[in-house]
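Descriptive analysis of the structure
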Amino acid sequence: MVTRTRFDDSDCPVARSVDAIGDWWSLLIVRDAFDGSRRFGEFQRSLGVAKNILTARLRALVAGGVLESVPASDGSAYREYVLTPKGKALFPVIVALRQWGEQSFFAPGEPHSQLVDSRQGHPLRALEVRSADGRLLNPDDTTVHKVSAQRSEP
């Protein structure tokens, strides 16, 4: 069996993020958690993924601090999976993937799901990347700088 390459020691935030949630099942589990799925069976029905794969991905997401396993809200013996603050911080990532998918992979008029503002019922505005002073940025307006290790004060 091929050993998976790990990026948990990488100095690149994108590589470390992909290491934590980079396979499609994990991202779809996170998507379903945002959509209200909490139990193993709900994730399994929604995704149609094999139970062993789902078990492994859920364990990895819990170990990575993206999901937390908690007692079932109905008091039964089951466990539920809820997004942690770290998991909830993935919301803009999921929205960006959704919006990119809507723009790139659907023909005009083709049916698809759509994320809407629950208060007003309107589709979300497209995500934008802005500078600290509010300017709209594109890839040509940015560069990557390495952050050096900072010494802690004694």
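Please refer to the structure higher up on the page.
Structural notes, computed from the coordinates. (Residues numbered from 1 in each chain as written. Predicted model: local features only at pLDDT ≥ 70, side-chain atom pairs only at ≥ 80, totals over all residues. Heavy atoms only, no water.)

1. Observations concerning helix 2 (residues 24–34)
Buried within helix 2 are the following residues: Trp25, Ser26, Ile29, Val30, Asp32 and Ala33. Angular distribution of buried residues about the axis of helix 2 spans 160°; they occupy a single face of the element. Looking at the buried side of helix 2, the elements it contacts are helix 1 (13–21), helix 3 (40–47), helix 4 (51–63), strand 1 (67–71), strand 2 (79–83) and helix 6 (91–104). Two to three positions downstream of the cap, the backbone nitrogen of tryptophan 25 sits 2.9 Å from a side-chain oxygen, assigning the N-cap of helix 2 to aspartate 23. Following helix 2 by one or two positions, glycine 36 has its phi on the positive side, about 110°. (Buried < 20%, exposed > 50% of the residue type's maximum accessible area, 1.4 Å probe, protein only. Helix = DSSP H or I, 4+ residues; strand = E, 2+ residues; numbered from the N terminus. Arc of directions from axis to C-beta. Contact = heavy atoms within 4.5 Å. Polar contact = N/O pair within 3.5 Å; in protein donor to acceptor, adjacent residues only side chain to side chain.)

2. Focus on the nonpolar core
Among the nonpolar cores identified, the biggest contains 17 residues, and Ile29, Val30, Phe43, Leu58, Leu61 and Leu67 are the most heavily contacted of them. The biggest single contributor to this core is helix 2, with four residues. Leave out the neighbours within four places in its chain, and phenylalanine 43 touches Ile29, Asp32, Ala33, Ser37, Arg38, Gly48, Leu54, Leu58 and Tyr81. (Core = buried A, V, L, I, M, F, W, Y, C linked by side-chain atoms within 4.5 Å.)

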